[in-house]
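Chain by chain, the residues run as shown.
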Amino acid sequence: MASGIGYRGTNRCFPFWEDFQQCYFSSKQESRSDCVAARDDYLECLHHFKEIARVRTIQAVERDNYAKAKANGTDHKIISLASGGGTSS
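Criteria and cut-off values
- Residues numbered from 1 in each chain as written.
- Predicted model: local features only at pLDDT ≥ 70, side-chain atom pairs only at ≥ 80, totals over all residues.
- Heavy atoms only, no water.
- pLDDT = per-residue confidence, 0-100.
- Helix = DSSP H or I, 4+ residues; strand = E, 2+ residues; numbered from the N terminus.
- Core = buried A, V, L, I, M, F, W, Y, C linked by side-chain atoms within 4.5 Å.
- Buried < 20%, exposed > 50% of the residue type's maximum accessible area, 1.4 Å probe, protein only.
- Expected span 1.5 Å × (residues − 1).
- Disulfide = S-S within 2.5 Å.

A. Expanded view of the confidence of the model for the protein. Averaged over all residues, the pLDDT of the protein is 84; the fraction at 70 or higher stands at 81%. Element-level mean pLDDT values for the protein span from 54 in strand 4 (residues 87-88) up to 95 in helix 2 (residues 36-47).

B. Region of the structure containing the nonpolar core. Membership of the largest hydrophobic core is limited to 9 residues, which are Cys13, Phe14, Trp17, Phe20, Cys23, Cys35, Ala38, Tyr42 and Cys45. Of all the secondary structure elements, the ones that give two or more residues to this core are helix 1 (14-26) and helix 2. Counting residues per element, this core draws most heavily on helix 1, which supplies 4 residues.

C. Here's a closer look at helix 3 (residues 49-72). Helix length check: helix 3 (24 residues) gives 35 Å between terminal C-alpha atoms against 34 Å at 1.5 Å per residue, within 8%. Taken from the residues just after helix 3, Gly73 is the one with a positive phi, measuring 80 degrees.

D. The arrangement of the state of the cysteines in detail. Counting across every chain of the model gives 2 disulfides. Two residues, Cys13 and Cys45, share a disulfide whose sulfurs are 2.1 Å apart. Torsion about the S-S bond of the Cys13 and Cys45 cystine: about -90 degrees, corresponding to left-handed handedness. Of this pair, Cys13 sits in the loop between strand 2 (9-10) and helix 1 while Cys45 sits in helix 2; the two residues are 32 residues apart in sequence, bridging distant segments of the chain. Judged by its relative accessible area of 2%, Cys13 is buried. One disulfide in the model links Cys23 with Cys35; its S-S distance is 2.1 Å. One quick way to see it: the torsion about the S-S bond of Cys23 and Cys35 is about -95 degrees, and its sign makes the bridge left-handed.

Structure representation (structure tokens):
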């Protein structure tokens, strides 16, 4: 990774990178297994794997609830997680 400082200032994940880098270079273990949490935090900041998985889980539950409500004849709206907000039916 470069310095993490661009023309707009420090990028959003740079503090996580610094924590990981500090842990990595100060680690006494050759395997660096004590730095797994710092690495995972940095990668989550970059790629949002856990956040995306959680959103998909929530959407699946919402779809199931909608299908059950529709089968029972009750009213249930699906919550939109899009940036526009609101609900869709």
